[in-house]
Amino acid sequence: MRGPTIALLLVVASPVGIALVLAPARAGAQTLDLQQSTVIGSPRIVGMGGAVSAAAEDMTGTLATPAAMAFRPPGAVGSWDWDFYLDTLIASRETDLDNSGLPAGPDRPIEAFAGGICLYVGKWGIGLTGAGVSYGLPPSMTGAATTTLTSEGSQLAVGRAWIDGQLGVGVSIAAVELAIKQGDVTVFDTTGGALATGVLVRPNAMPWRAGLSARLPAITSAVTNNCADPANCNGVVPPMRGQSPWQIGGGFAWRFGQTTWNEPNPVLFRDERALVLAADVGLVGRVPDGVSVAGFAAQVEQPSGRAVTASVRVGAEGEVLPGRLRVRAGSYWEPARIEGRAGRVHATTGAELRLFHFAFWEKERRVRLALAADLAADYQNIALSIGFWH
């Protein structure tokens, strides 16, 4: 059981979360490229630069691969167990979320939440997670005094371990609803869904793991315009549609430690000096007629996603004080989705400190504090989390 987590994420919104930003009528309806290229997730994912496709386990790892539900985290022993988490999120301002080169504006607060619950029974794992974002749009952009965007979504992931715990397979289905409100009135809204799958290989008595994952293009509904005049709603028009492209990726991880990494039976705590090195590569598909979200909002046509893009991520995690302190570091290449823009190199770091322990249901529980940071040109993401040590 992971327990409640309170997180402070600076810059948690993504192009998906702001996919329906309003634009003046002369911008015209557009197809928005909804690809998220920056690393968003738990402090472990952020601190390791997103290179967790092979090292992922439990429901927080489903952001990288749904196969993470096939394996329990350390501490989840017994014939069955359960886990949950809860995050509250507050974002910073003046950050270039999708590397558009356009000013973000001085007053664009973002509030968000995330949470989930999962159940492990035998070799099976099933997890349900949800998240929501509320994004205030400045009056200078829309001409409306109180305009907000809300994004609420959920994901159901199921995984199973095979061949004595050496192979994990998982699938997930995600649904999201995006809406723009002026006051309490919903002006535009749309819904979408996507399917993903993943495979993790963890040979017993070996120090390495490997993973593959794939996500199909999202299926989205047409944008619903709730205004009397579909072509003009307080001087703005909705985007024609949004498109999330296909994704495929793979990763490899190696652990140096006193005991074997891959054990057929779960262990409670290892409490040993260890180092995990990981690397991921990924490909993201095209949006043939896509434009950037930021460009759409700023009335600047920025072609985005017109070509397949590739990313590389590397990360490390070391337990330097057994059972008390872990440190993390990483880096990744954020590819340029927007024509005329260069990609960005990100540097990430993080640490996890055990604070105290107690007994619950005849099992030792350890409370920890985790911190992570992701820094790049015009981008900052800092995460602070309180939860259980695994």
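Further up the page is the structure itself.
Calculation criteria
- Residues numbered from 1 in each chain as written.
- Predicted model: local features only at pLDDT ≥ 70, side-chain atom pairs only at ≥ 80, totals over all residues.
- Heavy atoms only, no water.
- Helix = DSSP H or I, 4+ residues; strand = E, 2+ residues; numbered from the N terminus.
- Core = buried A, V, L, I, M, F, W, Y, C linked by side-chain atoms within 4.5 Å.
- Buried < 20%, exposed > 50% of the residue type's maximum accessible area, 1.4 Å probe, protein only.
- Contact = heavy atoms within 4.5 Å.
- Phe/Tyr/Trp six-rings, centres within 6.5 Å; stacked < 30°, edge-to-face > 60°.

1. Details of unusual backbone geometry
Then comes step 1: Phi is positive for Asp-164, close to 60°, though the residue is something other than glycine.
Then comes step 2: Secondary-structure assignment places Asp-164 in the loop between strand 6 (147-162) and strand 7 (167-182).
Then comes step 3: At Ala-205, a position not held by glycine, the phi torsion is positive, near 65°.
Then comes step 4: Following the sequence through the fold, Ala-205 ends up in the loop between strand 8 (185-201) and strand 9 (208-215).

2. Things to note about the nonpolar core
Considering soluble globular proteins, one finds that nonpolar side chains tend to be buried as a cluster.
Then comes step 1: In terms of nonpolar packing, the biggest core is built from 15 residues, with Val-39, Ala-253, Trp-261 and Ala-278 touching the most fellow members.
Then comes step 2: Going through the elements one at a time, helix 1 (43-47) and strand 15 (274-284) are the ones with two or more residues in this core.
Then comes step 3: Every residue in contact with Val-39, bar those within four places of it in the chain, is listed here: Ile-45, Val-46, Gly-49, Gly-50, Arg-313, Tyr-332, Asp-374, Tyr-379 and Asn-381.
Then comes step 4: Within the second largest apolar cluster, seven residues are counted, among which are Met-69, Ala-114, Cys-118 and Tyr-120.

3. Brief notes about the packing of aromatic side chains
Ring pairs (aromatic) are described by centroid distance and by the angle formed between their planes.
Then comes step 1: One pass over the full model with this rule turns up three aromatic pairs.
Then comes step 2: Seen in terms of ring centroids, Trp-208 and Phe-252 are 5.8 Å apart; in terms of plane orientation they differ by 20°. Their pairing is stacked. Of this pair, Trp-208 sits in strand 9 while Phe-252 sits in strand 14 (residues 247-257), and the two are 44 residues apart along the sequence.
Then comes step 3: Judged by relative accessible area, which is 23%, Trp-208 ranks as partly exposed.
Then comes step 4: Assessed through its relative accessible area of 39%, Phe-252 is described here as partly exposed.
Then comes step 5: With 6.5 Å between their ring centres and 40° between their planes, Trp-254 and Phe-256 make a pair best called tilted.
Then comes step 6: For Phe-256, a relative accessible area of 45% corresponds to the partly exposed category.

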